[in-house]
Amino acid sequence: MKPERLRDLHAHITGSIDADALFELIFDEKLYRSDKDKIDTITKPFGIRLASEITRNVETARMRFNSLYPCRPNGKTEFDSIMKRFILTSYLLEKVPDSEEKIGYIVASRFKQQNVNYVEWRINPLSATLHQTAEEGLEKLCHFYDGMRKVANLDSKLVLSIAKNQYGKNWRPLPEKIKYLKLELEKLLKAGTGLPIVGLDAVNKDEITIADLQGPLSLAENYGLALVPHVGELCSKNLETDLENVETAVGFGAKRLGHAVSAYIPLKRLLGTYDNTGKEYTAQRIQKLKLKQDTILNLLKENGIAIEVCPTSNMAAHLGGIDYSLHPADILHKRGIPIVACTDDYGIFGSPLSSEIDILTKYKHLDRAMLIKNSKTYSINQFKR
Ligand SMILES: [Zn+2]
C-alpha cells in the first residue's frame, strides 16, 4: 500500500521539536554540564531535573524525559504547562550554535518521516530578536528555512505569526507598538520575496481584539498572503469577545481559522463560572451566546471557512478533557464546516499528524479520506490568489 501523503496546515516550528530532539541538542552541546542549574530549573516543571539525571545515567534520563515532556490531555487545561515548554525551546534557540538551521532541519525531517509532505510552518519572526526589526526577523526566517529546505520532498511554507499578547495590556491595545509592528512587517514582506511566505497569523493570549490588529493584518491582502489567524481560543476577556474575534476575522477575509473552539463548544459547562473580567455566565447570558454561536457557524459555512482542528492540543489547552469522544468536532461537521486536522505543536503534545487524524476518525467517526482531502483543498497553495 502506498503511504499516505499528509499535509499539516497548522504547526508551530518551536512547538514541533520533540523530546528526543531536545534531549539530543542538550546532550550533544553538553549543556547538561556547562549550564546544569539552568537546565535543571527549566525542566523541573516537567517533573525532572534533566541535567542532574543525565549526569547520573544518560539512558534513564532520556527515557524519563521522553515520557515526561509531552503534555497529554489530563483533565485540566494546561495552558501554563504548555507555555513552560516553550521556555526550553527558547533557551536552546539562544544557546545552541546555528540553532535555527538545526531546528528547521530537525522538525522538517521528523515530519517527513511521519509521511507529511507539505507543512505550513507558523513562526513569529520578531520574537526573541533584540529590536523586533524586519532585518532581524528576515534573518531568523532565512536560518530556519535553510534547515527545512535540506529535507527532500517536503514542501515547507512559512506563515508569519504575530503575538497578540505583545501588543496589548489588560485587554487594551498599545497603538504605538501596533503601528511599529505594521511598519516592520511590511519591510520584512518587501524584502522577503525569496522566501515561501504564504500566510499571516495572530497567536497567543488575546490581550487585544482582532479588530485592534486591523493595520498589520491588512498586509495579508496587500501582499497576497492568506489570513489564517488563531481566534476564539477562550483566552480573551470573555466569550462574547472570542466570538466577536471570529466574526471580525471572517470580515477581514480569513481563509481558515486556528482552533476557534469558542464558536462550537457546548456552553452548558460555563453556567455559574466567571469570565476573565470577573463577570458571571448566567443562564440568560449563555442563551445569548448560543444564538451568537449559531450565527457564527452559519457565517463560517456560507464563507467556506475551514477550521484547523488540533484534537490533542484542543483537549490539553482549551477543553481540559481527557476523553477524546467529548471533543465537539462533530458539531462542525454536522453544520457543513470543513475540518482540517493539524498538530499545532507536535513536540509538545507528542502526537504526530497521522495520530491526530486517527483520533478524529476513531472518536468522532469522521472520514479519514475526507480529512486528508480537506488538508489539500484548504492548503494556502491551493487558494486562488
Ligand atoms: Zn497554534
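## Describing the domain arrangement of the protein chain
One frequently used descriptor of interface size is the decrease in accessible area upon assembly of the parts. Each assigned domain of the protein chain is listed here: domain 1 (6-17 + 85-382) and domain 2 (19-69). If you average the C-alpha positions of domain 1 and of domain 2, the two centres end up 29 Å apart. With 16 residues of domain 1 in contact, the opposing surface of domain 2 contributes 16 residues. When domain 1 packs against domain 2, close to 1,500 Å² is buried across both sides, 71% of that on carbon and sulfur atoms. The three residues of domain 1 that bury the most area against domain 2 are Arg85, Leu88 and Tyr91, which together make up 43% of that side's buried surface. Put simply, domain 1 and domain 2 have two salt bridges between them. Asp35 is paired through a salt bridge with Lys95; the nearest N and O atoms lie 3.5 Å apart. If you look at where domain 1 meets domain 2, you find four residue pairs in polar contact (both at pLDDT 80 or more). Sorting the residues of the side of domain 1 that touches domain 2 by element identifies α6 (79-95), α7 (99-113) and α15 (346-349) as the ones contributing at least two each.

## Quick notes on empty space enclosed by the protein
Applying the stated rule across the entire model yields one cavity of 30 Å³ or more. Forming the walls of the largest cavity are Asn124, Pro125, Leu126, Ser127, Leu160, Ser161, Ile162, Ala163, Gln166, Tyr167, Leu181 and Leu185. Taken together, the elements giving at least two residues each to the lining of the largest cavity come down to β3 (155-163) and α9 (175-191). Of all the elements, β3 adds the most residues to the lining of the largest cavity, at four residues.

## Structural notes on the sheet that holds strand β7 (residues 226-227)
As summarised here, the arrangement of the five strands in space is β1-β2-β3-β6-β7, forming an open sheet in which the pairing is parallel. Only two strands of the sheet have a single partner each, and these edge strands are β1 (6-12) and β7. Of the pairings in the sheet, the one linking strand β2 (residues 116-123) to β3 comprises six bridges and is parallel in character. The residue of β3 that forms the bridge with Ile123 is Leu160.

## As for the coordination of the zinc ion
For the zinc ion, every protein donor is listed as His10 (NE2), His12 (NE2), His230 (NE2) and Asp344 (OD), and the spread of their distances is 2.1 to 2.2 Å. Along the chain, the residues donating to the zinc ion are arranged with the sequence spacing H-x1-H-x217-H-x113-D. Taken together, the residues His10 in strand β1 and Asp344 in the loop between β11 (339-341) and α15 connect sequence positions 334 residues apart.

Parameters at a glance
Residues numbered from 1 in each chain as written. Predicted model: local features only at pLDDT ≥ 70, side-chain atom pairs only at ≥ 80, totals over all residues. Heavy atoms only, no water. Domains from an automatic or database assignment. Contact = heavy atoms within 4.5 Å. Buried area = accessible area lost by both parts, 1.4 Å probe. Salt bridge = Lys/Arg side-chain N within 4 Å of Asp/Glu carboxyl O. Polar contact = N/O pair within 3.5 Å; in protein donor to acceptor, adjacent residues only side chain to side chain. Helix = DSSP H or I, 4+ residues; strand = E, 2+ residues; numbered from the N terminus. 1 Å grid on protein atoms, 1.4 Å probe; cavity = no way out; pocket = protein on both sides within 12 Å on 5 of 7 lines; lining within 4 Å. Points joined across faces, edges and corners; volume = space filled by probe spheres on them. Pairing = 2+ DSSP bridges. Donors = N, O, S within 2.8 Å, 3.2 Å for Na, K, Ca; no water.

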